[in-house]
Amino acid sequence: MLDDKTLIIEFLDGDVESFNTLILQHESLVYGMIFQVVRHKEDTEDLCQDVFVKVYFALKHFRFESEFKTWLYRIIINRVNNHFRKQKLLSWFGQELKEEMTPDLQADHLQIDKLYALTHRLPTTQRNIIMLRVYQDLPFKSISQILSISENSAKVSFHKAKQNLKQYWENSDES
């Protein structure tokens, strides 16, 4: 497996196959991260394609000041946020997905559905930090680089996000 820097340099020198290799090396990470948030197969596939098209055209501007993966996370986050803006913050779980589940499977997923829906209500920065910390298991140092904030701000926002989720959860039980 070639390192990202080598593949990027080879691609910028005209080797399209290096770009394909780079994509293959990061495809599961991109798909998994997007799917964890979007929870819809077709939307995830579309967003993955958007991410890799963006990478293809923007790679010439990559300055190697951070790891490629950090740069890629930023693109993913921007694409997911744009998706939600375009969807006008619709529910993360479409009705058609729930209709395909058996009643037992639906009951098992109710708490998870509720948590995802509540996470969606968080302010954008808090939601992004939850996405990176919880779903991608990234350390705060990496999160701070990806979101261009201080490590301490990332920790504080994560703490606030957890408090907000707890409050949302408690308030949703009262309804």
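Residues numbered from 1 in each chain as written. Predicted model: local features only at pLDDT ≥ 70, side-chain atom pairs only at ≥ 80, totals over all residues. Heavy atoms only, no water.

(A) Quick peek at the nonpolar core. Counting 47 residues, the largest nonpolar core has Val30, Ile34, Val55, Leu59, Phe68, Ile76 and Leu132 as the members making the most contacts within it. Where this core is concerned, the elements lending two or more residues are helix 1 (4-12), helix 2 (16-38), helix 3 (41-58), helix 4 (68-86), helix 6 (103-120), helix 7 (124-135), helix 8 (140-147) and helix 9 (151-174). Setting aside anything within four residues of it in sequence, one finds Leu59 in contact with Ile8, Phe11, Leu12, Phe19, Leu22, Phe68 and Trp71. (Core = buried A, V, L, I, M, F, W, Y, C linked by side-chain atoms within 4.5 Å. Buried < 20%, exposed > 50% of the residue type's maximum accessible area, 1.4 Å probe, protein only. Helix = DSSP H or I, 4+ residues; strand = E, 2+ residues; numbered from the N terminus. Contact = heavy atoms within 4.5 Å.)

(B) Just the packing of aromatic side chains, in detail. Counted according to the given criterion, the structure contains 10 aromatic pairs. Ring geometry for Tyr31 versus Phe35: centroids 6.1 Å apart, planes at 5 degrees, classification stacked. Highlighted residues: Tyr31 and Phe35, both in helix 2, separated by four residues, approximately one helical turn. When the centroid spacing of 5.1 Å and the interplanar angle of 85 degrees are considered together, the rings of Tyr56 and Phe57 count as edge-to-face. By relative accessible area, Tyr56 is classed as partly exposed at 35%. For Phe57, a relative accessible area of 56% gives the class exposed. Among the aromatic residues, those joined into a cluster by ring pairs are Phe11, Phe19, Tyr56 and Phe57. Between Lys5 and the ring centre of Phe64, over which it is positioned, the NZ or CZ distance is 5.7 Å. (Phe/Tyr/Trp six-rings, centres within 6.5 Å; stacked < 30°, edge-to-face > 60°. Lys NZ or Arg CZ within 6 Å of the ring centre and 35° of its normal.)

(C) The arrangement of helix 3 in detail. In a regular helix each residue adds 1.5 Å, so 18 residues correspond to 26 Å; helix 3 covers 25 Å between its end C-alpha atoms and thus fits that length. Listing the buried residues of helix 3 in full gives Thr44, Leu47, Cys48, Val51, Phe52, Val55 and Ala58. Projected down its long axis, helix 3 carries its buried residues within an arc of 135 degrees, all on one side. Those residues of helix 3 that are exposed and angled more than 90 degrees off the buried face are Gln49 and Phe57. (Expected span 1.5 Å × (residues − 1). Arc of directions from axis to C-beta.)

(D) Quick peek at the pattern of salt bridges. In total, this model carries three salt bridges according to the counting rule given. Among the salt bridges present, the one from Lys155 reaches Glu151, with a minimum N-O distance of 3.9 Å. Of this pair, Lys155 and Glu151 both sit in helix 9, four residues apart, which is roughly one turn of that helix. Look at Lys155 and you get partly exposed, because its relative accessible area is 39%. For Glu151, a relative accessible area of 35% translates into the label partly exposed. (Salt bridge = Lys/Arg side-chain N within 4 Å of Asp/Glu carboxyl O.)

(E) The arrangement of the packing of helix 2 against helix 7 in detail. Relative to each other, helix 2 and helix 7 sit at 120 degrees, their axes nearing to 11 Å. In this view, helix 2 runs oblique relative to helix 7, as classed from their interaxial angle. The interaxial crossing formed by helix 2 with helix 7 has right-handed handedness. In this structure, helix 2 contributes Met33, Gln36 and Val37 to the contact, and helix 7 contributes Met131, Leu132 and Tyr135. When grouped by side-chain class, the residues that make up the contact of helix 2 with helix 7 number five nonpolar, one polar and no charged. (Axes fitted to C-alpha atoms, helices over the stretch in contact; angles between N-to-C directions. Parallel < 35°, antiparallel > 145°, perpendicular 65-115°, else oblique. Left-handed = near helix turned anticlockwise from the far one by under 90°. Nonpolar A, V, L, I, M, F, W, Y, C, P; charged D, E, K, R; others polar.)

(F) The confidence of the model for the protein chain, seen in detail. Chain-level pLDDT for the protein chain is 83 on average; 82% of the residues reach the 70-or-more range. This stretch, residues 104-108, has a pLDDT under 50; its non-local contacts, to residues over four places away or in other chains, come to three contacts. (pLDDT = per-residue confidence, 0-100.)

(G) Main features of the side chain of Asn81. As for its placement among the helices and strands, Asn81 is situated in helix 4. There is a polar contact of 3.1 Å between the side chain of Asn81 and the side chain of Arg127. In contact with Asn81, other than residues within four places in its own chain, are Thr124, Arg127 and Asn128. (Polar contact = N/O pair within 3.5 Å; in protein donor to acceptor, adjacent residues only side chain to side chain.)

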